[in-house]
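# Topology and contacts: notes
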Amino acid sequence: SDIHPYARRAFNYTTPAEHERAKRESDARQAFWRRVVAQAPESLRLVFVSQTFAQEAWSDLGVRLPDARWQVIHNPIDDHLFAGPPKEEQARFRVLSIRPHDSRIYANDLVAAVIRGLSAYPEFSSIRFHLVGDGPLFDENFAGLGPFENVKIGRRLLRQDEIGALHQSPRPPGALGL
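Since the model is a prediction, treat every value here as computed from it, not as a measurement.

Conventions we followed
- Residue positions are given per chain, counting from 1 as you read along its sequence in written order.
- The model is predicted, so local features are restricted to residues of pLDDT at least 70 and side-chain atom pairs to those at 80 or more, both for listing and for counting; the totals for chains, interfaces and linings are taken over all residues.
- Hydrogens are left out, water is left out, and the side-chain values use all remaining heavy atoms of the structure.
- Helix and strand assignments come from DSSP, with helices taken as H or I runs of at least 4 residues and strands as E runs of at least 2, each series counted from the N terminus.
- Two things to know: the radius of gyration comes from C-alpha atoms, and the globule rule equals 2.2 Å times the number of residues to the power 0.38.
- With a 1.4 Å probe rolled over the protein chains alone, any residue whose accessible area is under 20% of its type maximum counts as buried; one over 50% counts as exposed, and the rest are partly exposed.
- Working rule for contacts: check all heavy atoms of both residues, and any pair within 4.5 Å makes them a contact.
- Under the convention used here, a 1.4 Å probe and the Shrake-Rupley method define accessible areas, while residue burial counts only the protein chains that appear.
- Nonpolar side chains (Val, Leu, Ile, Met, Phe, Trp, Tyr) are joined into patches within 5 Å and like charges within 9 Å, using only residues with over 30% relative accessible area and no salt bridge.
- Every case where a carboxyl oxygen of Asp or Glu lies within 4 Å of a side-chain nitrogen of Lys or Arg is listed as a salt bridge.
- Paired rings are identified among Phe, Tyr and Trp, the last through its six-membered ring, by centres lying within 6.5 Å, and are further divided according to the angle between planes into stacked (under 30 degrees), edge-to-face (over 60) and tilted (the rest).
- Polar contacts, as counted here, are pairs of nitrogen or oxygen atoms within 3.5 Å of one another; within protein the pair requires one atom able to donate a hydrogen and one able to accept it, and residues that are adjacent in sequence qualify only if both atoms are side-chain atoms.
- Of all possible arcs, the one meant is that of the directions from the helix axis to the C-beta atoms.
- When DSSP finds two or more bridges between a pair of strands, those strands are recorded as paired.
- Note on handedness: a crossover is taken as right-handed if, strands pointing away from the viewer, the path from the first strand over the helix to the second is clockwise.
- Between the N-to-C directions of two axes lies an angle of 0 to 180 degrees, each axis being a line fitted to C-alpha atoms and, for a helix, fitted only over the stretch in contact.

## Notes on the overall build of the protein
In terms of regular secondary structure, the protein is built from six helices and five strands. Listed N to C, the secondary structure of the protein is α-α-β-α-β-β-α-β-α-β-α in terms of helices and strands. Computed over its C-alpha atoms, the radius of gyration of the protein comes to 21 Å, more than 25% above the 16 Å expected for a compact globule of 178 residues. By principal-axis analysis of the C-alpha atoms, the protein measures approximately 55 × 45 × 25 Å. Burial statistics for the protein: of 178 residues in total, 30% are counted as buried. Contacts in the protein between residues far apart in sequence, at least 24 positions, make up 60% of those at least 6 positions apart. Accessible area for the protein stands at about 11,300 Å²; split by element, carbon and sulfur atoms hold 55% of it.

## Observations regarding a nonpolar patch on the surface
Together, Phe11, Ile105 and Tyr106 give the surface a local cluster of nonpolar side chains, amounting to about 250 Å² of exposed area. For Ile105, the position within the fold is in the loop between β3 (94-98) and α4 (108-118).

## Some details on the packing of aromatic side chains
Enumeration over the complete set of coordinates arrives at nine aromatic pairs. Members of the aromatic cluster, connected to one another through ring pairs, are Phe48, Phe53, Trp58 and Trp70.

## Observations regarding the pattern of salt bridges
Applying the stated criterion to the full structure yields 13 salt bridges. With a shortest N-O distance of 3.5 Å, Glu20 and Lys23 are connected by a salt bridge. Of this pair, Glu20 and Lys23 are both found in helix α2 (residues 16-38), three residues apart, which corresponds to roughly one turn of the helix. Under the relative-accessibility criterion, Glu20 is labelled partly exposed at 40%.

## A word on the side chain of His19
Within the secondary structure, His19 is located in helix α2. His19 sits in the buried class, given a relative accessible area of 19%. Here Tyr13 takes part through its backbone oxygen, which lies 3.0 Å from a polar atom of the side chain of His19. If we skip the residues at most four places from it in the chain, His19 touches Tyr6, Ala10, Tyr13 and Thr14.

## Re α4
For α4, the full list of buried residues reads Asn108, Ala112 and Ile115. Down the axis of α4, the sector holding all buried residues measures 60°, keeping them to one side. Those residues of α4 that are buried are in contact with β3, β4 (128-133), α5 (138-141) and β5 (151-155).

## Things to note about the pairing of β3
Sheet topology places β3 next to β4; five bridges connect them, and they run parallel. Considered in β4, the bridge of Ser97 is made with Leu131. Read as a crossover between parallel neighbours, the route from β3 over α4 to β4 is right-handed.

## Considering the sheet that holds β5
Read from one edge to the other, the open sheet built from three strands follows the order β3-β4-β5, with strand pairing classed as parallel. The sheet terminates laterally at β3 and β5, the two strands that pair on one side only. Direction aside, neighbouring strands of the sheet carry axes that sit 10° apart on average. α4 contacts β3, β4 and β5 of the sheet and is inclined by roughly 160° relative to β4. Running at roughly 165° to β3, helix α6 (residues 160-168) makes contact with β3 and β4 of the sheet.

Next up, the structure:
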């Protein structure tokens, strides 16, 4: 269950009906989590993906487990697949964004807004953007970017090895057939 309350995710909803439903569902989830934490057996341990997320959850709930009963476990990174070799100076003009499009929390609409904003500058044509992902918000997020010749959009999900290859590739975006 999502522990964040409605107020932290209100941007995910667009219609008044969606907002009302989300508020009701959030209230139920918050009540659930307050009960879980308040009545937690000694054996209960919680795991969070970041310290920030944990602090937000405790603050929002108004209750908290003792520090010894929760921890942060970050997502592991395969440092061979994502070795991050040194890049040439020109790589600073290549932007790669690989994101899901199933929630507004990923701010893909802002990526598109930045690209549209940068298009007003003469340097824009020297920047290469490669945007990859999929989800129900994909078309909405990237609407209007098609005419830009320096923006390559790939609608698909990638395997980890494909993501690693894109990050390590000295080739221009699209060279891997995406």
